[in-house]
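Here's the letter readout for the chains.
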Amino acid sequence: MANDMNYQAAREADALHRATVPHAVSARLIRARRALHVTLSNGVEMSVPVDLLQDLQGASLNDLAEIEITPLGNGLHWPRLDADVLVEGLIHGIYGSRSWMAAQMGRVGGSSASPAKAAAARRNGAKGGRPRNVA
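Basis of the calculations
In every chain, residue numbers begin from 1 and rise along the written sequence. Note on the predicted model: pLDDT of at least 70 is required for a residue's local features to be given, and 80 or more for side-chain atom pairs to be given and counted; whole-chain, interface and lining totals, by contrast, use all residues. Side-chain figures throughout are based on the complete set of non-hydrogen atoms in the structure, without hydrogens or water. We count a stretch as a helix when DSSP gives it H or I for four or more residues in a row; a strand needs E for two or more, and each element gets its number in order from the N terminus. Taken over C-alpha atoms, the radius of gyration is set against a globule rule of 2.2 Å times the number of residues to the power 0.38. Partly exposed describes any residue whose relative accessible area lies between the buried limit of under 20% and the exposed limit of over 50%, with all areas from a 1.4 Å probe on protein chains only and scaled to the type maximum. Contacts are residue-level and defined by heavy atoms, with any inter-residue pair within 4.5 Å sufficient. Calculation of accessible area relied on Shrake-Rupley with a 1.4 Å probe; when residues are assessed, cover is drawn exclusively from the protein chains displayed. Only four residue types enter the charge count: Lys and Arg as positive, Asp and Glu as negative, with His and the chain ends excluded. Charge positions are represented by NZ for Lys, CZ for Arg, CG for Asp and CD for Glu. The rule for a salt bridge is simple: a side-chain nitrogen of Lys or Arg has to be within 4 Å of a carboxyl oxygen of Asp or Glu.

You'll find the protein entered in an unreviewed UniProt entry as DUF2442 domain-containing protein, with Acetobacter indonesiensis given as the organism.

Below, the structure is given as structure tokens:
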């Protein structure tokens, strides 16, 4: 009897979760754009370039095309690549682990170029470069 009550409570909690939290109902690769297209249970559709996602950069289109949705719809799995992505992460713009995301931001952040940055670098170079760290 207790197991039946626990099972029923779990089914009700699952139904409430599925009704209130968006989950993937379909996922496919848009080959021409190398983009992942996901449709959520609330009707929202989103596309993300696969090369922004951890473990998917540079993968072949054939490997990327085989996508599985987890039973609860909260994750996507690429069996040929042994790669996984959380749907909630996609919704919030989180495309990998914390350390991977930090490395991506650092790589992009230091590479920006603008006329103002170039002029400042020339002025600084004319003065002898960056001052020494005195500590």
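This part covers the overall build of the protein. A tally of regular secondary structure across the protein gives five helices and six strands. In the protein, the succession of α and β elements from N to C terminus is α-β-β-β-α-β-β-β-α-α-α. Its C-alpha atoms give the protein a radius of gyration of 23 Å, more than 25% over the compact-globule value 14 Å for 135 residues. Taken over 135 residues, the protein has a buried fraction of 23%. In the protein, 36% of the contacts between residues at least 6 apart in sequence involve partners at least 24 apart. Accessible surface computed for the protein: about 9,600 Å², of which carbon and sulfur atoms make up 56%. Charged side chains in the protein number 15 positive and 12 negative. The centres of these two groups are separated by 23 Å.

Here the structure, examined in full by the defined rule, presents three salt bridges. Arg80 serves as the salt-bridge partner of Asp63, at 3.5 Å between the closest nitrogen and oxygen. In this pair, Asp63 is assigned in helix 2 (residues 61–65) and Arg80 in the loop between strand 5 (75–78) and strand 6 (83–86), connecting sequence segments 17 residues apart. Put simply, Arg80 and Glu66 hold a salt bridge, and the shortest N to O gap is 2.8 Å. With Arg80 in the loop between strand 5 and strand 6 and Glu66 in the loop between helix 2 and strand 4 (68–69), this pair connects stretches of sequence that are 14 residues apart.

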